[in-house]
Amino acid sequence: MVRFASLVAVTVVLAGCSPESAPPPASPGGAAESASGAAAVQPVTFRVPTMVCTRNCWPAVRDALQKQPGVSDVTLAAQKEEVAIDNPLVTVKLNGPFDAERAIQAIAAAGFAKATVEK
């Protein structure tokens, strides 16, 4: 588990609605120590450039991330249109240890390569 002193944003970008992608590079997840000494878990934002629609792509990415240990909520950034994704950022709220590399691999396995963690 990697601990960070500040908020870690992980953005996963996916381009395309078909699952024809290779696994993206690994990125660390994050948890930070709070002032009380207890581990405070920070959200992570992924850029998923191959995620282009809200009807098929977004649900597949969301489901892959929701299955990861430590994930309590997954949200898509605001979009200009209802169906097309022009802002492929996905934020994961955490409630425990989280492995961003494993999450990126899960996104790739769902068909969306090139996901990255936003910092």
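For the structure, check the block above.
Residues numbered from 1 in each chain as written. Predicted model: local features only at pLDDT ≥ 70, side-chain atom pairs only at ≥ 80, totals over all residues. Heavy atoms only, no water.

Re the overall build of the chain
Each helix and strand counted, the chain has 2 helices and 7 strands in total. Each helix and strand of the chain, ordered N terminal to C terminal, gives the series β-β-β-β-α-β-β-α-β. Here the chain holds 119 residues, and the buried ones make up 43% of them. Contacts in the chain between residues at least 24 apart in sequence constitute 78% of all its contacts with a sequence separation of at least 6. In the form shown here, the chain has an accessible surface area of approximately 6,000 Å², with 51% of it arising from carbon and sulfur atoms. (Helix = DSSP H or I, 4+ residues; strand = E, 2+ residues; numbered from the N terminus. Buried < 20%, exposed > 50% of the residue type's maximum accessible area, 1.4 Å probe, protein only. Contact = heavy atoms within 4.5 Å. Areas by Shrake-Rupley, 256 points an atom, 1.4 Å probe, with all protein chains shown as cover.)

Thoughts on the packing of helix H1 (residues 57-66) against helix H2 (residues 100-109)
H2 packs onto H1 with a crossing angle of 145° between their chain directions and a minimal axis gap of 9 Å. The two elements H1 and H2 meet at a crossing, and its hand is right-handed. Mapping the contact onto sequence places Val61, Ala64 and Leu65 in H1 and Ala103, Ala106 and Ile107 in H2. Residues that form the contact of H1 with H2 fall into these classes: 6 nonpolar, no polar and no charged. (Axes fitted to C-alpha atoms, helices over the stretch in contact; angles between N-to-C directions. Left-handed = near helix turned anticlockwise from the far one by under 90°. Nonpolar A, V, L, I, M, F, W, Y, C, P; charged D, E, K, R; others polar.)

Considering the pattern of salt bridges
The final tally for this structure, using the stated rule, is 2 salt bridges. A salt bridge links Arg47 to Glu118; the nearest nitrogen and oxygen atoms lie 2.9 Å apart. With a gap of 71 residues between them, Arg47 in strand E4 (residues 44-49) and Glu118 in the segment after strand E7 (116-117) connect regions that are remote in the sequence. For Arg47, a relative accessible area of 29% gives the class partly exposed. Here Asp63 ties to Arg62 by a salt bridge, and the two come within 3.6 Å at their closest N and O atoms. Arg62 gets classed as partly exposed once you look at its relative accessible area, which sits at 25%. (Salt bridge = Lys/Arg side-chain N within 4 Å of Asp/Glu carboxyl O.)

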